Amino acid sequence: MTKTIGLFPLLFLAANALFPSDTFQQTCELPEFEWAAYGTRLTGRMYTRRAALLGDSLYAAGYLKSTNAPNKEGFVDIDDDFGVTGPYTKADPTGASAFSITSDLVSYTTEFGSFAQYEVGVVKIDRLTGRPQDVYVYYGEGQDETSGLAAKETTSGRKVLAMSGHFVGSLRGDHSDGTSTTIYNSNAEGTEDYVLHPNAVKNGFDDGFVISANADTGDANWIVRYPSSTKDAETVGVDIDGDGNIYGSGYACNSADDDEVICDGFVAKFAADDGSITWEKSFTDLGAAMWLVYDESDDALYVTGTTSYKGEAADAKLHDLCTYDVCAVTMRLSASDGSVDWMRTLEGSPRWNFFDQTGDIRLASNEDGPYVYVALDDAGENGVVTLDGGTSYAGCKGEDGTLTPEYMVNRNKVVTAEDCPPASDFVTRQSDDALPASNAVSGAFCGTGHDAVDSCIIKYHKYSGLPIWGSDMPPVASLVPSPDGDWVMAVGFYYPTWGHFDSVVLPDYNGIEGAYNARLDTDTGRGEYAMHSGGVGKDRPYDAVGSPEGDIYIVGYTQSAVINWGGALMTKITEEGEDQNDDAGTAFQMGKVSSSTSEYQFFAVKLSTSEDAVMPWCMESCSLQENVANPIIKGDTCLIDNVCYDSGATAELFGRPCLVCNPGLTQTEWSFGPTVGVQDCFIGNICREDGEFLTYRESRRVTHTSLCQLCDPLESSTEWSVGSDYLLVEGEFPPNDCANVTDPPEDSPIDPVVEVSPTDPTVTSPDPPMTSNNTVSEEDSSLSGAAIIGIAIGAV
């Protein structure tokens, strides 16, 4: 029998105990946002997905389209469909002096669905100034969805941009010599360049793609179709090595003989010169591989994945290293041939959807050490899960039979036989004498932390795969480790019920998405602070990248005209064709802040984490007491959710104009304003005008208005009042919630999913809340899940 000495760094056992409630509260000083850049056109839309830095340029990739369509009445073709303006700064919050660039896009018909209009798009911005520089577009019939982006200067001095995703029709790359290369979906007949997408009106099929381009000009070096499929395929993530070779990870789904769809993960290497396959590794025990990162220090790849394409047990693969229904996977591969060095598994699975936050994987800085950071969705959301799963550990076996695990032999390299002392034998990971992962007892877990856990950030030792710690989080879109190795920043967006960071709960932005930046200590995984940004519309960051200096650049899209990023940066988007001055009087004023944009607009923003953090302006002083900020707040001001407000300021930006900062009552929470109880009610965390009726959203397109439940501030300012001619029918939704005293209602035709108290309109939905306006977007209609149950507002 083999004995094992030691349990790797016991100091981590204490660090991974149940987190106390003092995390994410080191908020005496916070970093400032420096600039933002936005889309401003009503005729173009970009769903931004990934970001990359190269030199002084920030690249943001996504799927881009003209919202014009030849089959729409009054169609006029224009040459400036899409545009980006920047920078917006503290000194110029409306971009009055900003620079703009535009791009001419092809306007496609909507006869096959609006998703069929999208192209592959990349926005290039000067990261030092926030000034837009260029837009690269790769055209094609049918839907083109971009998911992966990387940028690198090779050892020969070439600046390479890599993009990946999937497409359904054709996709074209234009070369610097005036020629072009077009790839076609493998399910098309001959050179037919259109097949329908699964999200379109009819069924369809996807193939993956990878593009190598000149980062300075956007000209394609090459474009290849990979992988092909008979159902759905995608190259999800990409990265580049020093020679310009590109690595991709993703999935391919194919229809079997019995109409069953089988999805497998893959990782592949594409040659720098022409994109030909150097090697490919198929994982038939995975439903998908997802994100990857290349490590030039030892020519290795780190990849995330899942045993289930759908993220659930119904289609999960049997995997030798997964002892649960579904497992999330992190693995290290050789970049030379694709061989797997180690694989770590844990209960849970990243769910794959373009509008979800699907986690990330990033290398630690050299100052931090030989580690890799991973964010995995749906890990630990149902309780405690161990991180000690997967490949066994190699080691050195002494003459007495004692095994010293590889992570105790040498933590600065991959351990080999040469690292074992004399008179001991090297034990490989495949040996029967290897240490099972479950016996490592690292003390690292997910699911031990705060409420509303949905994902987990994990720190792994990159050479052995030993888990160091796990930290519970809301969904994570991106990770950025700091250059000095002291912290890692998690970036994402949150719905009101998701914004839990230990005992810190971020504010509700109008019942929809706000953005967050949460900083964790790299030694322990403990949260240091969580910042929030947003406005009254959707605000969704989807990726972030860090600069060598330590700044963070965040990209995504928004529907908020006014966004308070935090600190001193509050900006306003004025879309083309709208009055710059609106109700503000001058071009440099905000005007009405509770306004949404008419179009989904691109954004990029710089968070200056390389500069000294700043104490919020409304603090007289602030001290840390056992990791918790203890501020002294100036008179006539409020500090609410770590944001400063003058006395009398309203919560209009959060969609609640009837709440005010009233330092005489409290300096740390919103107070009822003078209109509540007079002309407004505050019911269900929403300001409602006198005479507004309760409404019930049966589906995305059907909303019912109550006949009797209404805001009557003189009767009750915090609960629904019932009209005098009616009785309330307990447990029923509008329109069946009211009984005329002389005409009782018939049985409700609606089968309620949840119960609603007649005095509390808050409804817990199985899906995220809808946007606050009444329009149905193509984004909303593409999300999977059951019907949304929610409360909206109707007015008389």
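The structure presented is a predicted model; accordingly, all values stated were derived computationally and were not measured. (Residues numbered from 1 in each chain as written. Predicted model: local features only at pLDDT ≥ 70, side-chain atom pairs only at ≥ 80, totals over all residues. Heavy atoms only, no water.)

S.K.: Would you mind going over the overall build of the protein with me for this structure?
M.R.: If you tally the helices and strands in the protein, you get 3 helices and 57 strands. For the protein, contacts bridging at least 24 residues in sequence account for 65% of all contacts bridging at least 6. By element, 46% of the accessible surface of the protein is carried by carbon and sulfur atoms, the whole surface being about 30,500 Å². (Helix = DSSP H or I, 4+ residues; strand = E, 2+ residues; numbered from the N terminus. Contact = heavy atoms within 4.5 Å. Areas by Shrake-Rupley, 256 points an atom, 1.4 Å probe, with all protein chains shown as cover.)

S.K.: Explain empty space enclosed by the protein to me, please; I cannot follow it from the model alone.
M.R.: It is the rolling of a water-molecule-sized probe over the atoms that shows where space remains empty. Under the criterion given, the structure shown has 3 cavities of 30 Å³ or more. Estimates place the volume of the second largest cavity at around 50 Å³. Lining the second largest cavity are Arg49, Arg50, Trp291, Asp356, Gln357, Thr358, Gly359, Ala477 and Tyr542. The class makeup of the residues in the lining of the second largest cavity is 3 nonpolar, 3 polar and 3 charged. (1 Å grid on protein atoms, 1.4 Å probe; cavity = no way out; pocket = protein on both sides within 12 Å on 5 of 7 lines; lining within 4 Å. Points joined across faces, edges and corners; volume = space filled by probe spheres on them. Nonpolar A, V, L, I, M, F, W, Y, C, P; charged D, E, K, R; others polar.)

S.K.: Would you explain the pairing of strand β54 (residues 716-722) in this entry?
M.R.: Both faces of the sheet carry side chains from a regular strand, because those side chains alternate between them. Bridge count between strand β53 (residues 703-712) and β54: 3 bridges; the pairing is antiparallel. Across the sheet, Asp712 pairs through a bridge with Ser716, a residue of β54. Hairpin connection from β53 to β54: 3 residues lie between these consecutive antiparallel strands. (Pairing = 2+ DSSP bridges.)

S.K.: Explanation requested: the sheet that holds strand β3 (residues 44-54) in the structure shown.
M.R.: By definition, the strands of a sheet pair up through backbone hydrogen bonds, in either a parallel or an antiparallel sense. Spatial ordering of the open sheet is given by β3-β4-β7-β8, a layout of 4 strands whose pairing is antiparallel. At either end of the open sheet lies a strand with only one pairing partner, and these are β3 and β8 (132-138). Taken pair by pair, the neighbouring strands of this sheet meet at an average axis angle of 25°, ignoring direction. (Axes fitted to C-alpha atoms, helices over the stretch in contact; angles between N-to-C directions.)

S.K.: Can you walk me through the layout of surface pockets in this structure?
M.R.: Within this model, the second largest pocket holds a volume of roughly 1,400 Å³. Residue lining of the second largest pocket: 45 residues in total, with Asp239, Val293, Arg362, Leu363 and Gly546 positioned closest to the centre. For the lining of the second largest pocket, the secondary-structure elements that each account for two or more residues are β3, β9 (144-153), β15 (232-240), β19 (288-295), β23 (360-363), β32 (478-481) and β38 (539-546). Class assignment for the residues of the lining of the second largest pocket results in 24 nonpolar, 10 polar and 11 charged.

S.K.: Before we go on, may I ask you to explain unusual backbone geometry in this structure?
M.R.: Trans peptide bonds make up the majority, and among non-glycine residues the majority have a negative phi. Cis rather than trans, the peptide bond between Gly86 and Pro87 has omega equal to 0°. Tracing the chain through its elements places Pro87 in strand β5 (residues 82-88). The omega torsion across Tyr226 and Pro227 is -10°, close enough to zero to call that bond cis. Relative to the helices and strands, Pro227 is located in the loop between β14 (220-225) and β15. A positive phi angle, close to 60°, is found at Phe24, a residue other than glycine. Under the relative-accessibility criterion, Phe24 is labelled buried at 3%. For Val441, which is not a glycine, the phi torsion comes out positive at approximately 45°. By secondary structure assignment, the location of Val441 is in the loop between β28 (425-427) and β29 (445-446). (Buried < 20%, exposed > 50% of the residue type's maximum accessible area, 1.4 Å probe, protein only.)

S.K.: Explanation requested: the sheet that holds strand β18 (residues 277-283) in the structure shown.
M.R.: Taken together, the 4 strands give an open sheet; going across it, the order is β15-β16-β17-β18, and neighbouring strands pair in antiparallel fashion. The strands lining the two open edges of the sheet, one partner per strand, are β15 and β18. The sheet shows a mean angle of 20° between the axes of neighbouring strands, direction not considered.

S.K.: Help me understand the state of the cysteines, please; the structure alone is not making it clear to me.
M.R.: Formally, a disulfide is one covalent bond, and it connects the sulfur atom of one cysteine to the sulfur atom of another. On inspection of all chains with the given rule, the structure shows 10 disulfides. The disulfide partner of Cys446 is Cys456, and the gap between their sulfur atoms is 2.0 Å. On the sign convention where negative means left-handed, the S-S torsion of about -80° between Cys446 and Cys456 marks this disulfide as left-handed. With Cys446 in strand β29 and Cys456 in strand β30 (residues 455-461), this residue pair connects regions lying 10 residues apart in the sequence. Take Cys446 and Cys456: they sit in the same class, and that class is buried. The disulfide that involves Cys708 links it to Cys738, with 2.0 Å between the sulfurs. Taking the sign of the torsion about the S-S bond as the criterion, the disulfide between Cys708 and Cys738, at about -80°, is left-handed. Of this pair, Cys708 sits in strand β53 while Cys738 sits in strand β56 (residues 738-740); the two residues are 30 residues apart in sequence, bridging distant segments of the chain. For the residue pair Cys708 and Cys738, the accessibility class agrees, reading buried in each case. (Disulfide = S-S within 2.5 Å.)

S.K.: Explain the pairing of strand β52 (residues 693-697) here, please?
M.R.: Counting buried positions over the 5 residues of β52 gives 5, a clear majority of the element. Across the two faces of β52 the burial is the same, with Phe693, Thr695 and Arg697 and Leu694 and Tyr696 all buried. Bridge count for β52 against β53 is 4 bridges, and the pairing is antiparallel. Within β53, the position partnered with Phe693 by the bridge is Leu710. Between β52 and β53, which pair antiparallel and follow one another directly, the connecting turn spans 5 residues.

S.K.: Could you clarify how one ought to interpret the nonpolar core in this entry?
M.R.: Across soluble globular proteins, you tend to see nonpolar side chains buried next to one another. Ranked by size, the top nonpolar core spans 46 residues in total, and within it Phe24, Ile457, Met473, Val476, Leu479, Phe501 and Tyr516 carry the most contacts. For this core, the secondary structure elements donating two or more residues are β24 (371-377), β31 (467-473), β33 (487-494), β36 (514-521), β45 (637-640), β46 (643-646) and β48 (656-660). Among the nonpolar cores identified, the runner-up in size contains 25 residues, and Cys253, Cys263, Val293 and Cys446 belong to it. (Core = buried A, V, L, I, M, F, W, Y, C linked by side-chain atoms within 4.5 Å.)

S.K.: So what exactly am I meant to see when it comes to a negative patch on the surface here?
M.R.: Where like charges cluster on the molecular surface, the negative patch consists of Asp257, Asp258, Asp259 and Glu260. Residue placement: Glu260 occurs in the loop between β16 (246-255) and β17 (261-270). (Patch = residues over 30% accessible without salt bridge, like charges linked within 9 Å, V, L, I, M, F, W, Y side chains within 5 Å. Salt bridge = Lys/Arg side-chain N within 4 Å of Asp/Glu carboxyl O. Lys, Arg positive; Asp, Glu negative; His and termini not counted. Charge placed at Lys NZ, Arg CZ, Asp CG, Glu CD.)

S.K.: Explanation requested: the environment of Asp315 in the structure shown.
M.R.: Counting through the fold element by element, Asp315 comes out in the loop between β20 (300-306) and β21 (327-334). We classify Asp315 as partly exposed; its relative accessible area is 23%. For the pair Asp315 and Val326, spaced 11 residues apart in the sequence, the C-alpha separation amounts to 9.0 Å. When residues no more than four places from it in sequence are discounted, the contact partners of Asp315 are Thr307, Ser308, Tyr309 and Lys310. Side-chain polar atoms of Asp315 contact the side chain of Ser308, separated by 2.4 Å. (Polar contact = N/O pair within 3.5 Å; in protein donor to acceptor, adjacent residues only side chain to side chain.)

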